[in-house]
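# Observations on chain architecture
Spelled out, the chains give:
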Amino acid sequence: MTVDRAKLMTMTLRARVKNGHLVLDEPTNLPEGTEVELVPVDEIDDLDPAERARLHGFLTESIRKHVPGTGVPAESVLERVRRS
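Residues numbered from 1 in each chain as written. Predicted model: local features only at pLDDT ≥ 70, side-chain atom pairs only at ≥ 80, totals over all residues. Heavy atoms only, no water.

Counting secondary structure elements, the protein contains three helices and two strands. The N-to-C order of helical and strand elements in the protein reads α-β-β-α-α. Considering only residue pairs separated by 6 or more positions, the protein has 27% of its internal contacts joining residues 24 or more positions apart. About 8000 Å² of surface is accessible on the protein, with carbon and sulfur atoms providing 55% of the total. (Helix = DSSP H or I, 4+ residues; strand = E, 2+ residues; numbered from the N terminus. Contact = heavy atoms within 4.5 Å. Areas by Shrake-Rupley, 256 points an atom, 1.4 Å probe, with all protein chains shown as cover.)

Take a look at the structure:
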């Protein structure tokens, strides 16, 4: 099964620690074996729920408008950031 990377990048999974294990708050349809990176919420940023919703809206719209082949590869952006 092919994973839609754009969809994964905007996906938010909520989980809670229970007896030392992370338990998702709701089911997910991610393919078996999909690796996810977990970051504690309080370490991500200081966006409130309304700001986060607006950000996700902007990201979703940007992904919708994207024309394949016209973007800049992430590796190029990261290389420029690392050089600065």
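Another aspect to go through is the pairing of strand E1 (residues 15–18). Here four bridges tie E1 to strand E2 (residues 21–24), and the two strands are oriented antiparallel to one another. Across the sheet, Arg-16 pairs through a bridge with Val-23, a residue of E2. The turn linking E1 back onto E2 is made up of two residues, and Asn-19 within it adopts a positive phi angle of 55°. (Pairing = 2+ DSSP bridges.)

This paragraph deals with the environment of Met-11. Mapped onto the elements of the fold, Met-11 is located in the loop between helix H1 (5–10) and E1. Exposure remark for Met-11: the relative accessible area of 28% places this residue in the partly exposed category. Ignoring anything within four residues of it in the chain, the contact list for Met-11 reads Asn-29 and Leu-30. (Buried < 20%, exposed > 50% of the residue type's maximum accessible area, 1.4 Å probe, protein only.)

Here helix H2 (residues 49–65) spans 24 Å end to end across 17 residues, near enough to the 24 Å set by a 1.5 Å rise per residue. The residue sitting at the N-terminus of H2 and contributing the capping side-chain oxygen is Asp-48; that oxygen lies 3.0 Å from the backbone nitrogen of Ala-50. (Expected span 1.5 Å × (residues − 1). Polar contact = N/O pair within 3.5 Å; in protein donor to acceptor, adjacent residues only side chain to side chain.)

Once that is clear, we can look at the pattern of salt bridges. A complete count under the given rule lists four salt bridges for this structure. The partner of Arg-64 in a salt bridge is Glu-61, and the shortest N-O contact between them spans 2.5 Å. Note that Arg-64 and Glu-61 are positioned in helix H2 at a spacing of three residues, about one turn of the helix. By sharing partners, the salt bridges in this structure join Glu-61, Arg-64 and Lys-65 into a single network. (Salt bridge = Lys/Arg side-chain N within 4 Å of Asp/Glu carboxyl O.)

In this section: the environment of Val-36. Looking at the element boundaries, Val-36 is found in the loop between E2 and H2. Each C-alpha atom, one on Val-36 and one on Leu-13, is 9.4 Å from the other, the two residues being 23 residues apart in sequence. Aside from chain neighbours lying at most four places away, what touches Val-36 is Leu-13 and Leu-30.

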